[in-house]
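The residues making up each chain are set out below.
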Amino acid sequence: MKEKIINLKKEFLKDLDGVNNLGELNEVRVKYLGKKGYIQELSSIMGSLSIEEKKEYGMFLNDFKNEVNELLEKKRQELEELELNKKLETEKIDITLPATDIPVGTFHPLTRVIEEIEELFVSMGYDVVEGPEIELDLYNFEKLNLPKGHPARDAQDSFYITEEVLLRTHTSPVQARIMEANKDKGPIRIICPGKVYRRDEDATHSHQFTQIEGLVIDEGISMAHLKGTLEIFAKKMFGEDRTIRFRPSFFPFTEPSIEADVSCFKCDGKGCPLCKYTGWIEILGAGMVHPNVLRMSGYDPEKYTGFAFGMGPERIAMLKYGINDIRHFYTNDMRFLKDFNRIEGSDE
Ligand code: DAH
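Residues numbered from 1 in each chain as written. Predicted model: local features only at pLDDT ≥ 70, side-chain atom pairs only at ≥ 80, totals over all residues. Heavy atoms only, no water.

Draft legend 1. Local environment of the overall build of the chain. The secondary structure content of the chain amounts to 12 helices and 10 strands. Its C-alpha atoms give the chain a radius of gyration of 41 Å, more than 25% over the compact-globule value 20 Å for 348 residues. Of all 348 residues assigned to the chain, the portion counted as buried reaches 39%. Looking at the chain alone, contacts between residues at least 24 apart form 66% of all its contacts between residues at least 6 apart. (Helix = DSSP H or I, 4+ residues; strand = E, 2+ residues; numbered from the N terminus. Rg over C-alpha atoms; globule rule 2.2 N^0.38 Å. Buried < 20%, exposed > 50% of the residue type's maximum accessible area, 1.4 Å probe, protein only. Contact = heavy atoms within 4.5 Å.)

Draft legend 2. The environment of Ile258, seen in detail. Inspection of the secondary structure puts Ile258 in strand 8 (residues 254–263). When its relative accessible area of 5% is taken as the criterion, Ile258 is described as buried. Once you skip the residues sitting within four places of it in the chain, Ile258 turns out to touch Met223, Leu226, Phe246, Arg247, Pro248, Ser249, Phe251, Leu284, Gly285, Ala286 and Gly287.

Draft legend 3. Local environment of the nonpolar core. Phe233, Leu284, Phe309 and Met311 are the most contacted members of the largest nonpolar core, which totals 44 residues. Looking at this core, the elements with two or more residues in it are helix 5 (109–123), strand 6 (208–218), helix 8 (223–238), strand 8, strand 9 (280–289), strand 10 (305–311), helix 10 (313–321) and helix 12 (334–344). Those residues in contact with Met311 that lie beyond four places of it in its chain are Ile117, Phe121, Thr210, Gln211, Ile212, Phe233, Ile283, Leu284 and Ile316. The next biggest cluster of nonpolar side chains, apart from the first, holds 19 residues, and it includes Phe141, Leu166, Leu215 and Val289. (Core = buried A, V, L, I, M, F, W, Y, C linked by side-chain atoms within 4.5 Å.)

Draft legend 4. Fine view of the packing of helix 2 (residues 22–33) against helix 3 (residues 38–46). At a minimum axis separation of 4 Å, helix 2 and helix 3 run at an interaxial angle of 5 degrees. Here helix 2 is positioned roughly parallel relative to helix 3, judged by the angle of their axes. Each of Lys31, Tyr32 and Leu33 in helix 2 lies in contact with helix 3, whose residues at this interface are Tyr38, Ile39 and Gln40. Looking at the contact of helix 2 with helix 3, its residues break down into 4 nonpolar, 1 polar and 1 charged. (Axes fitted to C-alpha atoms, helices over the stretch in contact; angles between N-to-C directions. Parallel < 35°, antiparallel > 145°, perpendicular 65-115°, else oblique. Nonpolar A, V, L, I, M, F, W, Y, C, P; charged D, E, K, R; others polar.)

Draft legend 5. Quick look at helix 4 (residues 51–90). Taking 1.5 Å per residue, 40 residues should reach 58 Å; helix 4 reaches 57 Å between its end C-alpha atoms and fits that length. Turning to helix 4, its buried residues number three or more, namely Tyr57, Leu61, Phe64, Val68, Leu72, Lys75 and Leu79. In this structure, the buried residues of helix 4 make contact with helix 1 (2–17), helix 2 and helix 3. (Expected span 1.5 Å × (residues − 1).)

Draft legend 6. Highlighting the site of the ligand. Neighbouring the ligand are 16 residues; His170, Ser172, Arg198, Gln211 and Glu213 lie closest to it. For the ligand, an oxygen atom lies 3.0 Å from a polar atom in the side chain of Gln175. A distance of 3.2 Å separates an oxygen atom of the ligand from a polar backbone atom of Ala308. The protein chains hide 91% of the 350 Å² of surface that the ligand would expose on its own. Residue assignment for the shell around the ligand shows that the elements contributing at least two residues are strand 6, strand 9 and strand 10. Broken down by class, the residue content of the shell around the ligand amounts to 5 nonpolar, 9 polar and 2 charged. (Near = heavy atom within 4 Å. Polar contact = N/O pair within 3.5 Å; in protein donor to acceptor, adjacent residues only side chain to side chain. Areas by Shrake-Rupley, 256 points an atom, 1.4 Å probe, with all protein chains shown as cover.)

Below, the structure is given as structure tokens:
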């Protein structure tokens, strides 16, 4: 028995010596310590021995088993260290290799223009508010002095959902909503960016586009305030040298109504294809809030006056960046978006 154990130990040491990796080490472990391994086999033989023999060889076998465990563990540590070193050796990072290009998204051109406009008005003390895109006829038209059957309704080809509900055709209904919601009927200074919808589509019209509405109400607000405000806006968006002019126009919710033009930033007003040789470019519609609109939302037109304006950020962006088709904003052609980033720089 003793001899058997001594021979087994020799064999074990030889086996251990031949081990080159953790997989092989495990094989050796199973061979000696496994359920059907050599040591287990010797233990079962032990059962048939006399008590004295059991005592003598039992201890001997136990020592051997402990030694096997210890040596296996030592070898495992050695191998692990070796494998780690090998890994570190082969996984060196070559920092001189060119980096792979990871594409990073940026803000959409339209988002940038809207945010730029928002920032300007916020710096002048305006609040940014929003209204629903699915709107009641009541706010989209009636409270804006456009009663049912008013011919000016036809100018805005609407998407109706029911007779009283439609996709808003402009952001102007937010004017009525804000005035109505203002419980103390005090001063208001807001802009409202958002999506609007019309049955229209070509290079300069889209069935869905965005508008930014502005509304200021207070005692003593006049056309001069409107002009001063829009002049600041035009200079910020199109350059310090810009001037603006008002042309008379018509909107049912303002009286008087105007359209504002900015002096052409391409030719400085001398005349070029962009301004169609007029020296001026139309940028928005505006006017003094109609007394009926004030009254319908609970404001006293004897006490308060106000101005309002509505502009299309797409048009502002198209002018500012020389974009010739409004559909570029919505089709998400990566070439357009990338090109735009190249012009504008992607500092965000
Ligand atoms: N809502 C008008 C439109 O979509 C634009 C507009 C014109 C808004 C004059 C105004 C305004 O607030 O005063 O055509």
